[in-house]
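# Breakdown of the fold
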Amino acid sequence: MTQEIGFIGLGNMGQPMVMNLLKAGFKVKVYNRTPEKAKEVVAAGAIQVNQLADVAEPGGVVITMVSNDQALEEIVFHEKGFGKKLTHGGIHLSMSTVAPETSRKLAAFHQEQGSYYVASPVFGRPEAAAEQKLFILSSGRNEAKLRVTPIQEALGQRIFDIGEEPGNANVIKLGGNFMIMAAMEAMTESFNLAEKNGIDRELAAEIYASTLFNCTVYNGYGSMIGKRNFEPAGFKLALGLKDCNLVLEEANAKQNPMPIASLLHDTLLASVAKGRENQDWSALSRIASENAGLE
Ligand code: NAP
């Protein structure tokens, strides 16, 4: 029998993810706050529902890919949310980047309802999502993780099990996003140094990314920062600021000083203050360039 999955959040990430679920043969019921964004996935076979709770069936699986912690809590806890409908061993597969504490709170709530919560944030931008190349982290109860494995396999290239503590997948995700931000800032400062010496910054980007720093982050973001190509946004700068705030909250809670995250927070905040929230988060590099007199 074809398995039915509910999916909430058809943004930059959600849309290509639903496409892959459909390709893998799942029946997908979708909800998006702005209904027009469902057009393409509906044309590909998804079933659109107009009420949040209608994505969920007792015992079923609901994937969420909304922006942030507030949105996630709203779609679960709101009186019209799906949280209380997902009973009888149903699973909430929560793929947004949120605070570990939010995952712990949601896991406790779902347990009270007789359902499960699996935190499953991802590494990879919309292009990677479209190519089924996401790296998927997973934490939560083992029996629930086992049941969602075929769904995760339809979305990504590798799944990492981070144990049963529900917030731990989010801890790994936040640490990874912090390293991307730090790399973007470091690349920008080096490219600017090259430019100030009359060297083509795109050549600098290419040399670093094809020698000592030959990896996805330096290749992808190096090229964007080298070319100063920040639109359209694959990952909005406003979401980057959200993640930096989550990193600092967790650092604070665990008394783990992260001075570079504090610096990046101010850089992202200044970028939002300058109206760049809808540019790609690699546009955080514009602040260092402005400080160097290069914009
Ligand atoms: P996005 O394009 O901004 O989409 C956000 C989605 O959340 C939209 O469907 C939006 O609905 C929905 N939403 C926001 N607030 C809501 C609310 N209060 N109630 C119901 N729905 C709400 O974001 P995205 O880039 O797809 O990112 C989604 C999540 O994945 C975020 O947590 C992000 O940090 C994470 N992530 C993103 C990337 C990336 O490269 N983009 C990579 C890895 C992880 P509307 O359409 O109505 O606005």
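Reading the values: the criteria
- Sequence order sets the numbering: in each chain, residues are counted from 1 along the sequence as written.
- Residue-level local features of this predicted model are given only where pLDDT is at least 70; pairs of side-chain atoms are given and counted only at 80 or more, and the full residue set underlies all totals for whole chains, interfaces and linings.
- Only heavy atoms go into the side-chain values, all of them from the structure, while hydrogens and water stay out.
- Elements are defined by DSSP. Helices are runs of H or I of four residues or more, strands are runs of E of two residues or more, and each kind is numbered from the N terminus.
- C-alpha atoms define the radius of gyration in this analysis, and the globule rule sets the expected value at 2.2 Å times the number of residues to the power 0.38.
- The rule is simple: take the accessible area with a 1.4 Å probe, protein chains only, and divide by the maximum for that residue type; under 20% is buried, over 50% is exposed, in between is partly exposed.
- Every residue pair with non-hydrogen atoms within 4.5 Å of one another is taken to be in contact.
- Only the protein chains shown count as cover for residues, and the accessible areas themselves come from Shrake-Rupley with a 1.4 Å probe.
- Charged residues are defined narrowly, with Lys and Arg counted positive, Asp and Glu counted negative, and His plus the chain ends left uncounted.
- Note that the charge is assigned to NZ on lysines, CZ on arginines, CG on aspartates and CD on glutamates.
- Aromatic pairs are defined between Phe, Tyr and Trp rings, using the six-membered ring for Trp, whenever the two ring centres lie within 6.5 Å; interplanar angles under 30 degrees are classed as stacked, those over 60 as edge-to-face, and all others as tilted.
- In this text, near means that some heavy atom of the residue lies within 4 Å of the molecule or strand in question.
- We call two N or O atoms a polar contact when they sit within 3.5 Å, provided that within protein one can donate a hydrogen and the other can accept it, with sequence-adjacent residues counted only if both atoms are side-chain atoms.
- Throughout, the ten residues Ala, Val, Leu, Ile, Met, Phe, Trp, Tyr, Cys and Pro are labelled nonpolar, Asp, Glu, Lys and Arg are labelled charged, and all others, Gly among them, are labelled polar.
- Pairing between two strands requires that DSSP report at least two bridges joining them.
- Looking down the strands as they point away from you, a crossover is right-handed if its path from the first strand over the helix to the second goes clockwise.
- A fitted line through C-alpha atoms represents every axis, and for helices the fit uses only the stretch in contact; the resulting angles, taken between N-to-C directions, go from 0 to 180 degrees.

## Concerning the overall build of the chain
Looking only at helices and strands, one finds twelve helices and nine strands in the chain. Compactness check: the chain gives a C-alpha radius of gyration of 20 Å against a globular reference of 19 Å for 295 residues, within 12% of the reference. Taken over the C-alpha atoms alone, the chain extends approximately 65 × 45 × 35 Å along its principal axes. Going through the 295 residues of the chain one by one, you find that 52% of them count as buried. Of all intrachain contacts in the chain linking residues separated by at least 6 positions in sequence, the fraction that spans at least 24 positions is 67%. Summed over all atoms, the accessible surface of the chain reaches about 13800 Å², with 53% contributed by carbon and sulfur. Distance between charge centres in the chain, computed from 28 positive and 33 negative side chains, equals 3 Å.

## Overview of the packing of aromatic side chains
The tally for this structure, following the rule as stated, stands at six aromatic pairs. Seen from their ring centres, tyrosine 221 and tryptophan 281 are 6.1 Å apart, and the 75° between their planes marks the pair as edge-to-face. Highlighted residues: tyrosine 221 in helix 9 (residues 216–227) and tryptophan 281 in the loop between helix 11 (259–273) and helix 12 (285–291), separated in sequence by 60 residues. Comparing tyrosine 221 with tryptophan 281, the two get one shared label, buried.

## A short note on unusual backbone geometry
Across the junction of glutamate 231 and proline 232, the peptide omega takes the value 0°, indicating a cis bond. Structurally, proline 232 is set in the loop between helix 9 and helix 10 (237–253). Phi is positive for histidine 88, close to 50°, though the residue is something other than glycine. By the secondary structure assignment, histidine 88 is in the loop between helix 3 (69–77) and strand 5 (91–94). Here histidine 88 falls in the exposed class, since its relative accessible area comes to 68%. Even without a glycine there, the phi angle at glutamine 255 is positive, about 50°. With respect to the secondary-structure elements, glutamine 255 resides in the loop between helix 10 and helix 11.

## Digging into the site of the ligand
Neighbouring the ligand are 27 residues, the closest being Asn32, Thr34, Lys37, Ser67 and Lys236. In this structure, leucine 10 approaches the ligand through a main-chain N or O atom, which is 3.1 Å from an oxygen atom. Within the backbone of methionine 13, an N or O atom sits 2.9 Å from an oxygen atom of the ligand. Contact with the protein chains hides 92% of the accessible area of the ligand, taken as 900 Å² for the molecule alone. Taken together, the elements giving at least two residues each to the shell around the ligand come down to helix 3 and helix 10. Considering each element in turn, the shell around the ligand owes the most residues, three residues, to helix 3. Taken together, the residues that form the shell around the ligand break down as ten nonpolar, ten polar and seven charged.

## Quick notes on the pairing of strand 6 (residues 116–119)
What you see with strand 6 is no split at all: Tyr116 and Val118 on one side and Tyr117 and Ala119 on the other are buried throughout. Two strands pair when backbone bridges link them, and strand 5 and strand 6 are joined in this way by four bridges, in the parallel orientation. By the bridge assignment for strand 6, histidine 92 is matched with tyrosine 117. Tracing the backbone out of strand 5, into helix 4 (residues 100–113) and back to the parallel element strand 6 gives a crossover that is right-handed.

## Quick look at the sheet that holds strand 9 (residues 156–161)
Taken in spatial order, the three strands of this open sheet run 7-8-9, and their pairing is mixed. Bordering the open sheet on either side are strand 7 (122–123) and strand 9, each of which pairs with just one other strand. Relative to strand 9, strand 8 (residues 134–138) runs parallel, the two sharing five bridges. Bridging from a neighbouring strand, serine 138 pairs with aspartate 161 of strand 9. Most of the contacts of helix 6 (residues 142–153) go to strand 9, to which it runs at about 170°, and overall it touches strand 8 and strand 9.

## Some remarks on the environment of serine 223
With respect to the helices and strands, the residue serine 223 is situated in helix 9. With relative accessibility at 31%, the residue serine 223 sits in the partly exposed group. Separated by 18 residues in sequence, serine 223 and alanine 205 place their C-alpha atoms 6.3 Å apart.

## Remarks on the side chain of threonine 87
Examined against the element boundaries, threonine 87 turns out to sit in the loop between helix 3 and strand 5. Given the relative accessible area of 17%, threonine 87 is considered buried. Polar side-chain contacts of threonine 87 include one of 2.9 Å to the side chain of histidine 88. Beyond its immediate sequence surroundings of up to four residues, threonine 87 is in contact with Pro58, Gly59, Gln113, Gly114 and Ser115.

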